[in-house]
Amino acid sequence: MFFSKFFKKKVQDSMHTVAFYNLENLFDTEDNPDKLDTDYTPNGKLKWTPERYHSKLFKLASTISKIGFDAIGKAPVLIGVVEVENKKVLKDLLAEPVLASNAYDFIHYDSPDERGIDNALIFDKRFFQVIHSEAIPLKVFNLDGQQDMTRDILYVHGKLNEEEVHIFVNHWPSRRDGGDETEYKRIKAAATIINFMKVLEEKYSEPNYIVMGDFNDGPQTASVKKLVGEKNLFNPMEKLLTPKRGSANYKFKWSLFDQILISHSFLNFEKKTHSFNSSNIFDDHFLTEFKGKFKGSPFRTYVGRRYMGGYSDHFPVYIHLKFNK
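Each chain has its residues counted from 1, following the order in which its sequence is written. pLDDT decides what is reported in this predicted model: residues at 70 or higher carry local features, side-chain atom pairs at 80 or more are listed and counted, and totals for whole chains, interfaces and linings draw on all residues regardless. Just so you know, side-chain values use all the structure's heavy atoms and leave hydrogens and water out.

As a further point, take the sheet that holds strand β1 (residues 15-26). Two strands are counted as paired when DSSP detects at least two bridges linking them. Going along the chain from the N terminus, every DSSP run of H or I of four or more residues is numbered as a helix, and every run of E of two or more is numbered as a strand. Strand order in this open sheet of six strands is β3-β4-β2-β1-β18-β15, and the pairing throughout is mixed. Strands at the two margins of the open sheet, each flanked by one partner only, are β3 (104-108) and β15 (273-281). Averaged over all adjacent pairs, the angle separating strand axes in this sheet is 20°, with direction ignored. Relative to strand β18 (residues 317-324), β15 is paired through eight bridges, and the arrangement is antiparallel. Pairing of H274 across the sheet is with F323, part of β18. In this analysis, two residues are considered to be in contact whenever any of their non-hydrogen atoms come within 4.5 Å of each other. Every axis in this analysis is a line fitted to C-alpha atoms, fitted for helices over the stretch in contact. Angles between the N-to-C directions lie between 0 and 180 degrees. Across the sheet, helix α2 (residues 50-66) lies against β1 and β2 (78-84), angled at about 160° from β1, the strand it touches most.

Glancing now at the nonpolar core. Residues belong to a common nonpolar core when they are buried Ala, Val, Leu, Ile, Met, Phe, Trp, Tyr or Cys residues joined through side-chain atoms within 4.5 Å. With a 1.4 Å probe rolled over the protein chains alone, any residue whose accessible area is under 20% of its type maximum counts as buried; one over 50% counts as exposed, and the rest are partly exposed. Ranked by internal contacts, the top residues of the largest apolar core, which has 63 residues, are L78, V81, L93, I122, F128, I167 and I260. The greatest single-element share of this core, amounting to six residues, is contributed by β1. Not counting chain neighbours up to four residues away, the residues in contact with I122 comprise V77, L78, I79, V81, L90, L93, L94, Y104, D105 and F106. If you look at the next biggest cluster of nonpolar residues, it comprises 22 residues, including I136, A190, I193 and L233.

It is the contact of α2 with helix α4 (residues 87-94), at a shortest axis distance of 9 Å, that shows an interaxial angle of 60°. Considering the angle they form, α2 stands oblique to α4. Crossing hand, α2 versus α4: right-handed. On the side of α2, the interface is formed by Y53, L57, L60, A61 and I64, while α4 contributes K88, V89, D92 and L93. Amino acid classes used here: Ala, Val, Leu, Ile, Met, Phe, Trp, Tyr, Cys and Pro are nonpolar; Asp, Glu, Lys and Arg are charged; the rest, including Gly, are polar. The residue inventory of the contact of α2 with α4, partitioned by class, reads seven nonpolar, no polar and two charged. For this classification, under 35 degrees means roughly parallel, over 145 means roughly antiparallel, 65 to 115 means roughly perpendicular, and everything else is oblique. Less than a right angle of anticlockwise turn of the near helix away from the far helix marks a crossing as left-handed, whereas a clockwise turn marks it as right-handed.

This next bit is on helix α7 (residues 222-230). Listed in full, the buried residues belonging to α7 are S223, V224, L227 and V228. The arc that holds the buried residues of α7, viewed along the axis, is 125°, so those residues lie on one side. Buried positions along α7 lie against α6 (179-203), β10 (209-214), β11 (233-234) and β14 (258-263). Downstream of α7 by a residue or two, N232 has a phi angle that is positive, lying close to 50°. Picture the helix axis, draw a direction to every C-beta atom, and the arc is the one those directions span.

Written as structure tokens, this is what we have:
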């Protein structure tokens, strides 16, 4: 019944989904001696077998194909993803049958992250053409002076239905050592993007920005507010976070670290441009814990060392853009 309804949805040609998804440690099963990925091997602590790997690929691919589908009848044209180990896992993900018909390709760079988790942009070649891409180094240091080997910021300049857009995919430094104690790192991440944008604006007049990611900070925090305020961005995610809803849940408290920010140019309605239509969290029932004290929270792949067989510890977020013909 569900899949019959799913595939019969009427396609809205002028509407497009732009999504972001933290994939929760999408590792292959091979040990990379240069990265701390031993846990994600068949003989590692997590017993990460080929069967578990392919089960996760199937689940993630199925999820991506459904983001925004219920409203416009087609899969996303752009998906920023984080916590991917390498190009192999991205190729394996896009080879899943449910995604193979969408002409997807991806942009990915290896980052200095010690665990080997990187950022990437998946795009549908029928709607998006890449002009340029690069990894922007994020140089932050711990209080002891040691560099925090965190993820780069992925920048992609391209054309979405022939309209130029500048996309940033982010996975900002974690709050593992405390939110307040690590805030300066995420403020530095915001400043890094702001400085990069200033250079772009010397070349491009009123560029269209899409800044997406797991910011490890919510909409009201200093880092996100700095980026939004200094570059006059619009954060359509601000109103989505409630005490009962978010993109991740930690100790029974919802957060919305996963966000998509856009420039105010997307609030115009000129021909041959895209206009913002709506934003949402993709938290359909199948992505959640069905029962128990964590009912309604994201259905995770692991909780500690315990294999749960779920999707991710984050829900995807997305926006709909309307192309004004």
